[in-house]
Amino acid sequence: MPALSADSSVLLVVDLQERLMPAITGAPAVLENAGRLVRAAVRLDVGVTTTEQDPAKLGPTVEPVAALLPTPAVAKSTFAADLSFPASTVVVCGCEAHVCVLQTVLALRASGHDVAVVADAVGSRSPENRDAAVARMRAHGVDVVTTEMVVFEWLGSSRNPAFREAQQLIK
């Protein structure tokens with residue numbers, strides 16, 4: 001897959017919910033990086049879609065991520081989000097890496113999308129499950145990237161008018 005482009009990407013934020021996040025290993029870093037991705041996406045006009053797994057049981061998307069979202073979350077009961085995207089590339093962050101993120105990513109690949117999973121913005125209850133999920137996604141043709149990689153690829157150039165603002169997200 002070539003470098004990510006803001007023009008052909010959408011950001012998918014999977015299930016960063018109130019009752020789930022306390023159990024996630026490294027949750028503060030996952031949430032911080034997801035927030036960075038959402039801020040960059042909004043600034044660079046990249047579409048953002050958010051899912052919530054059975055929100056009546058797991059609660060809504062956690063703050064401060066929820067406050068950044070440009071549109072309400074899509075509730076779901078299946079592990080794989082059944083969504084269609086006009087963009088050719090879906091950049092994915094969220095939880096749990098080995099359940100909802102993995103199954104959603106595999107479904108997106110099966111539907112012909114290029115997918116990039118943001119390794120420092122996905123989490124699971126155990127590091128072993130997270131690592132196995134990332135390895136499996138990679139084996140299925142998913143690009144594994146980091147938050148900084150996504151932001152700078154979306155920018156494309158230091159001449160982008162959003163460069164200084166986006167650079168501040170990383171610091």
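Residues numbered from 1 in each chain as written. Predicted model: local features only at pLDDT ≥ 70, side-chain atom pairs only at ≥ 80, totals over all residues. Heavy atoms only, no water.

Trans is the common state for peptide bonds, and a negative phi is the common state for residues other than glycine. Going from Glu63 to Pro64, the amide bond is cis rather than trans, its omega being 5°. As for its placement among the helices and strands, Pro64 is situated in the loop between helix H2 (55–58) and helix H3 (65–68). At Asp15, a position not held by glycine, the phi torsion is positive, near 50°. Relative to the assigned elements, Asp15 resides in the loop between strand E1 (9–14) and helix H1 (27–43). Phi at Asp45 is positive, roughly 60°, even though this residue is not glycine. Mapped onto the fold, Asp45 is located in the loop between H1 and strand E2 (47–53). (Helix = DSSP H or I, 4+ residues; strand = E, 2+ residues; numbered from the N terminus.)

Here the focus is the side chain of Ser124. By the secondary structure assignment, Ser124 is in the loop between strand E5 (114–123) and helix H5 (127–139). Judged by relative accessible area, Ser124 falls into the buried class, the value being 1%. Polar side-chain contacts of Ser124 include one of 2.9 Å to the side chain of His98. Those residues within four positions of Ser124 in sequence are excluded, and the remaining contacts are Ile24, Thr25, Glu96, Ala97, His98, Asn129 and Arg130. (Buried < 20%, exposed > 50% of the residue type's maximum accessible area, 1.4 Å probe, protein only. Polar contact = N/O pair within 3.5 Å; in protein donor to acceptor, adjacent residues only side chain to side chain. Contact = heavy atoms within 4.5 Å.)

Look at helix H6 (residues 147–155) against helix H7 (residues 163–170): their axes get within 10 Å of each other, and the N-to-C directions meet at 175°. Comparing their axes, H7 and H6 come out roughly antiparallel. In this structure, H6 contributes Glu148, Val151, Phe152 and Leu155 to the contact, and H7 contributes Phe163, Ala166 and Ile170. Partitioning the contact of H6 with H7 into residue classes produces 6 nonpolar, no polar and 1 charged. (Axes fitted to C-alpha atoms, helices over the stretch in contact; angles between N-to-C directions. Parallel < 35°, antiparallel > 145°, perpendicular 65-115°, else oblique. Nonpolar A, V, L, I, M, F, W, Y, C, P; charged D, E, K, R; others polar.)

The next point concerns helix H4 (residues 97–110). Each α-helix turn comprises 3.6 residues. Residues three or four places apart therefore point the same way. Along H4, the positions that sit buried rather than exposed are Ala97, Val99, Cys100, Val101, Leu102, Thr104, Val105, Leu106 and Leu108. Where H4 is buried, its residues meet E1, E2, strand E3 (74–76), strand E4 (89–95), E5 and H5. Of the residues one or two after H4, Gly112 is the one with positive phi, at around 95°.

Scanning all chains against the criterion turns up 7 salt bridges. Among the ionic pairs, Arg109 bridges to Asp114, the shortest N-O distance being 4.0 Å. On the accessibility criterion, Arg109 (28% relative accessible area) is partly exposed. You can call Asp114 partly exposed: its relative accessible area is 31%. (Salt bridge = Lys/Arg side-chain N within 4 Å of Asp/Glu carboxyl O.)

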